[in-house]
Amino acid sequence: MERTLSIIKPDAVAKGVIGKILDRFESNGLRIAATRKLELSRKDAEAFYAIHSERPFFNDLVDFMTSGPVVVSVLEGEEAMQKNRDLMGATNPQEAAAGTIRADFAENIDANAVHGSDSVENAAIEISFFFADRDIS
Ligand code: IDP
Ligand code: MG
């Protein structure tokens, strides 16, 4: 069974839609194998998004991801990585298909409600960033 990492970002947590977003996963065949609410330190956010460190928006992204609590979850199911990406919608909520999480809960590309791993390989790395094996069941 495939696993992927989801993050409900500070904008969506502040809006009070944690439950609504987790429901999208469970209603679409993704099991929540682990979940936790936490605040990312600046060091955490920089390390997690290291792949984007040369991008012009990197500092804004780190500022945003450290602006309030997030909810990190391990989602499990058939083709969990791609299924979660499909449920999320496009990075820019303005371009996200109707009915996707970003279309329904996000305002703009800076504050776009959710993160999801973009490959099965990265999912394993991102899951181990937040969870020990014994946290996942
Ligand atoms: P993804 O979250 O859909 O995988 P990525 O390209 O991996 O998109 O970018 C990571 C995050 O960086 C996005 O979710 C978004 O919050 C932010 N981001 C990406 N591109 C831009 C941009 O052009 N301007 C501002 N923020 C951006
Ligand atoms: Mg990405």
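Before any of the text, the structure's been laid out above.
Residues numbered from 1 in each chain as written. Chains lettered and ligands numbered in written order. Predicted model: local features only at pLDDT ≥ 70, side-chain atom pairs only at ≥ 80, totals over all residues. Heavy atoms only, no water.

Okay, the overall build of the chain next. The secondary structure content of the chain amounts to 7 helices and 4 strands. Helices and strands in the chain line up, N terminus first, as β-α-α-β-α-α-β-α-α-β-α. For the chain, the C-alpha radius of gyration of 14 Å lies close to 14 Å, the compact-globule estimate for 137 residues. Projected onto its principal axes, the C-alpha coordinates of the chain cover approximately 35 × 35 × 25 Å. The burial tally for the chain puts 46% of its 137 residues in the buried class. Residue pairs at least 24 apart in sequence account for 76% of intrachain contacts in the chain once pairs closer than 6 positions are excluded. (Helix = DSSP H or I, 4+ residues; strand = E, 2+ residues; numbered from the N terminus. Rg over C-alpha atoms; globule rule 2.2 N^0.38 Å. Buried < 20%, exposed > 50% of the residue type's maximum accessible area, 1.4 Å probe, protein only. Contact = heavy atoms within 4.5 Å.)

Among the nonpolar cores identified, the biggest contains 22 residues, and Ile7, Met65, Phe130 and Phe131 are the most heavily contacted of them. No other element matches helix α4 (residues 58-65), which puts 5 residues into this core. Look past the residues within four positions of Phe130 in its chain and what remains in contact with it is Leu5, Ile7, Arg36, Leu38, Leu40, Phe48 and Val72. Counting residues in hydrophobic clusters, the runner-up holds 18 residues, among them Val13, Leu87, Ile101 and Ala113. (Core = buried A, V, L, I, M, F, W, Y, C linked by side-chain atoms within 4.5 Å.)

What follows concerns the packing of aromatic side chains. Within this structure, the stated rule accounts for 4 aromatic pairs. Ring plane angle 45° and centroid distance 5.6 Å describe the contact between Phe48 and Phe130, whose orientation is recorded as tilted. Linking Phe48 in helix α3 (residues 42-48) with Phe130 in helix α7 (residues 120-130), this pair joins segments that are 82 residues apart in sequence. Since its relative accessible area comes to 8%, Phe130 is described here as buried. (Phe/Tyr/Trp six-rings, centres within 6.5 Å; stacked < 30°, edge-to-face > 60°.)

Bringing the site of ligand 1 into the picture now. Taken together, Lys9, His52, Phe57, Leu61, Arg85, Thr91, Arg102, Ile109, Asp110 and Asn112 form the complete shell of residues around ligand 1. In the model, an oxygen atom of ligand 1 is placed 2.5 Å from a nitrogen or oxygen of the Thr91 side chain. Between ligand 1 and Arg102 there is a distance of 3.0 Å, counted from an oxygen atom to a side-chain nitrogen or oxygen. In the complex, 80% of the free accessible area of ligand 1, which totals 520 Å², lies under the protein chains. Counting atoms within 2 Å of the grid points, the majority share of ligand 1 lands in the largest pocket. Along the lines of polarity and charge, the residues of the shell around ligand 1 split into 3 nonpolar, 3 polar and 4 charged. (Near = heavy atom within 4 Å. Polar contact = N/O pair within 3.5 Å; in protein donor to acceptor, adjacent residues only side chain to side chain. Areas by Shrake-Rupley, 256 points an atom, 1.4 Å probe, with all protein chains shown as cover. 1 Å grid on protein atoms, 1.4 Å probe; cavity = no way out; pocket = protein on both sides within 12 Å on 5 of 7 lines; lining within 4 Å. Sits in = over half its atoms within 2 Å of the grid points. Nonpolar A, V, L, I, M, F, W, Y, C, P; charged D, E, K, R; others polar.)

With that settled, consider the pairing of strand β1 (residues 2-8). In terms of burial, β1 is a largely internal element, 5 of the 7 residues being buried. The pairing of β1 with strand β4 (residues 114-116) spans 3 bridges and is classified as antiparallel. Residue pairing across strands places Ile8 opposite Val114, the latter belonging to β4. (Pairing = 2+ DSSP bridges.)

What follows deals with the side chain of Glu126. Tracing the backbone through its elements, the reader meets Glu126 in helix α7. The side chain of Glu126 is buried and forms no salt bridge, while Arg85, the nearest opposite charge, is found at 7.6 Å. Among the polar contacts listed, one links the side chain of Glu126 to the side chain of His115, at a separation of 2.9 Å. Sequence-distant contacts of Glu126, defined by excluding residues within four places in its chain, comprise Leu5, Phe48, His115 and Ser117. (Lys, Arg positive; Asp, Glu negative; His and termini not counted. Salt bridge = Lys/Arg side-chain N within 4 Å of Asp/Glu carboxyl O.)

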